[in-house]
Amino acid sequence: MGVEMRKVSEGRIWEKRDRYIDAAFFIVLLTAVSGIMLTLFWRQTVFCWEGGGAPYQSDMKAYILEMQGLDSGYSFPYPIFFKLGALFHLAADANLSVALAAMVLNSLSIVTVKLALNRLTGERLAASFGRHRPWAGILISVASVALFFTSMVYPPEGLYLPGIKYNYLGVFTGNPFHNATYMAARPFAVLAFLWYVKLLDVYEKGWGKKGEGSEEGVRPADYTLFSFFLLLATMTKPSFTLVLVGAAGLIMAYRLVRASFRNFIPTVQLGICFIPTFLHLLYQYRGVFVPQEGQEGGIGFCLGEVWGLYCDNIPLAVGLAMGFPILMLLFHFKEEMKDTLYRFSWQFYGMGFLMNFFLYERGYRKPDFNFSWGYMYGIFFGMFGALVLLLKDTAGRRRPWLLALEWLAFLWHLTCGIYYFWKIFRGGMYY
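Just so you know, these numbers come straight off a predicted model, no measurement behind them.

Moving on, we come to the packing of aromatic side chains. Scanning the entire structure with this criterion turns up 52 aromatic pairs. Ring centres of W195 and F229 lie 5.4 Å apart, and the angle between their planes is 65°; this geometry places the pair in the edge-to-face category. A residue pair is termed long-range when its members are at least 10 positions apart, and W195 in helix α7 (residues 180-200) and F229 in helix α8 (residues 220-234) qualify at 34 residues. On the basis of relative accessible area, F229 is assigned to the buried category, the value being 11%.

The next subject is the pattern of salt bridges. A side chain of one charge can pair with a side chain of the opposite charge if their charged atoms are brought near each other. Taken as a whole and judged by the stated rule, the model has seven salt bridges. Salt-bridge contacts for D22 lead to K114; the nearest nitrogen and oxygen are separated by 2.7 Å. Of this pair, D22 sits in helix α2 (residues 16-47) while K114 sits in helix α5 (residues 94-129); the two residues are 92 residues apart in sequence, bridging distant segments of the chain. Of the residues examined, D22 reaches a relative accessible area of 6% and is grouped as buried. A relative accessible area of 3% places K114 in the buried class. Across the pair K366 and E305 runs a salt bridge, and its minimum N-O distance is 2.6 Å. With K366 in the loop between β2 (359-361) and α15 (372-395) and E305 in the loop between β1 (299-301) and α12 (314-321), this pair connects stretches of sequence that are 61 residues apart.

Below, the discussion takes up the side chain of T267. Following the sequence through the fold, T267 ends up in helix α10 (residues 264-272). A relative accessible area of 11% means that T267 is categorised as buried. Setting aside its immediate chain neighbours within four residues, T267 contacts Y203, M252 and L256.

The first and last C-alpha atoms of α7 sit 30 Å apart over 21 residues, in line with the 30 Å expected at 1.5 Å per residue. Where α7 bends most, the angle comes to about 40°, and this point is R186, followed within four residues by the proline P187. In terms of residue burial, α7 counts as a mostly covered element, since 21 of its 21 residues are buried.

For the rest of this paragraph, the subject is unusual backbone geometry. Of note, Y56 is a non-glycine position whose phi angle comes to about 60°, a positive value. Tracing the backbone shows Y56 in the loop between α2 and α3 (60-67). Taking relative accessible area as the criterion, Y56 reaches 8% and is therefore assigned buried. Located in the positive-phi region is F261, a residue other than glycine, with phi close to 65°. Relative to the assigned elements, F261 resides in the loop between α9 (239-258) and α10. Taking the relative accessible area as the measure of exposure, F261 reaches 49% and is therefore partly exposed.

With that settled, consider the confidence of the model for the chain. When pLDDT is averaged along the chain, the result is 90, and 91% of the positions lie at 70 or above. In the model of the chain, helix α1 (residues 2-6) stands out as the element of lowest mean pLDDT, 45, in contrast to α12, which has the highest, 98. Overall, residues 211-215 carries pLDDT values under 50, and its contacts beyond four positions in sequence, including any with other chains, amount to 10 contacts.

Our focus in this paragraph is the environment of S75. Inspection of the secondary structure puts S75 in the loop between α3 and α4 (80-88). Residue class for S75 comes out partly exposed when judged on its relative accessible area of 31%. Remark: the alpha-carbon pair of S75 and Y349, spanning 274 residues in sequence, is separated by 27 Å.

So, how was this worked out
- Residue positions are counted from 1 within each chain, in the order its sequence is given.
- Note on the predicted model: pLDDT of at least 70 is required for a residue's local features to be given, and 80 or more for side-chain atom pairs to be given and counted; whole-chain, interface and lining totals, by contrast, use all residues.
- The basis for the side-chain values is all heavy atoms of the structure; hydrogens and waters are excluded.
- The pairing test for Phe, Tyr and Trp rings, Trp by its six-membered ring, is centres within 6.5 Å, and the orientation test on the planes gives stacked under 30 degrees, edge-to-face over 60, and tilted for anything in between.
- To qualify as a helix, a DSSP run of H or I must reach at least 4 residues; to qualify as a strand, a run of E must reach at least 2; elements of each kind are numbered from the N terminus.
- Between buried and exposed lies partly exposed: a residue is buried under 20% and exposed over 50% of the maximum accessible area for its type, with that area taken using a 1.4 Å probe on protein chains only.
- We define a salt bridge as a side-chain nitrogen of Lys or Arg found within 4 Å of a carboxyl oxygen belonging to Asp or Glu.
- In this analysis, two residues are considered to be in contact whenever any of their non-hydrogen atoms come within 4.5 Å of each other.
- Helices are assigned an expected span. That span is 1.5 Å times one less than the residue count.
- To obtain the bend at a residue, axes are fitted to the seven residues ending there and to the seven starting there, and the angle between these axes is taken.
- Known as pLDDT, the predictor's confidence for each residue is given on a scale from 0 to 100.

In structure tokens form, the structure reads like this:
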């Protein structure tokens, strides 16, 4: 990935006309999707005041109160989503302001993924399409939007799988349409993920020096950008950050020991990037996890106990949530695990799984299963890594039957996701 993120345009296969077509198509598609998502978010804000039995279940009521500076009954020590809503509130009512903030940040996520896929796969796809190369950009645009509508796989209504109590709860999806703060943090999470992958290729060589597979080495500005994006993600919702910090810490510690501490200084240089985020996490920890009024608090350890409240078959739940990435892993394990982005997508997912299985918030927050949000980020980036690989396979003209299986697996998640979204869009329950 480190090579491909920089080695964008040998020969400039895409002409200006192709890029204009690509941009125009994507803008139209993004506008349509943004309108649909704004409608959903607005409905969630309108119906959130009608009580637990109302349609469009979400936490929008608490978000609206927090945005207005009123007591919501919850602690939200991550202000970016609420500050953006307050900015819109200067010209719009409270409901529409929160809906607009959620829509803007969700749409920004789609833009970041589109730009990343263009950079990672665009030239290769354009070359493979030949004189039909404008279709390469269109395919990437559709794939970028489709990623945000994939969901867990589930059977038709009336059919039940062993140990699976709900379609969503206990299985989970990378696109929880009922949770605006998760979706609001995602553009910053995507950027932090991509920049960390970029740094992974070269940080051990030090600033400005060439690393393995690198043409230009890492720039000090890349450290700053990674630190900034990670802090923004943390200040919008810390779920992604906890997983990334855990995965990054293990990787960097392993590399440090493997190199007999010869890379100590470069490791410290990268570690400094985490300091702003650590400071904000300490602030959040004080506001959320410290016990109050004699109540039990802090983080507890278990063996899937909280997960078991919602699912009796965790292995099957993992397969339903990650079927497409698992299939891609089976087809590409030997060769593609050398790719930094793809490997880290699985390392990130693995850390999300471990945290979800072993950790929980003690006290009254235990049933909230809040470590599942980090696991859902793991699902999202697992899907993202597999989608990058799928587009590369499409450009590389992989064996037709293998490519057909890969696309069918992705479309299976997408079909379930569209139906899942349609159910929520009409006011159905998310679980």
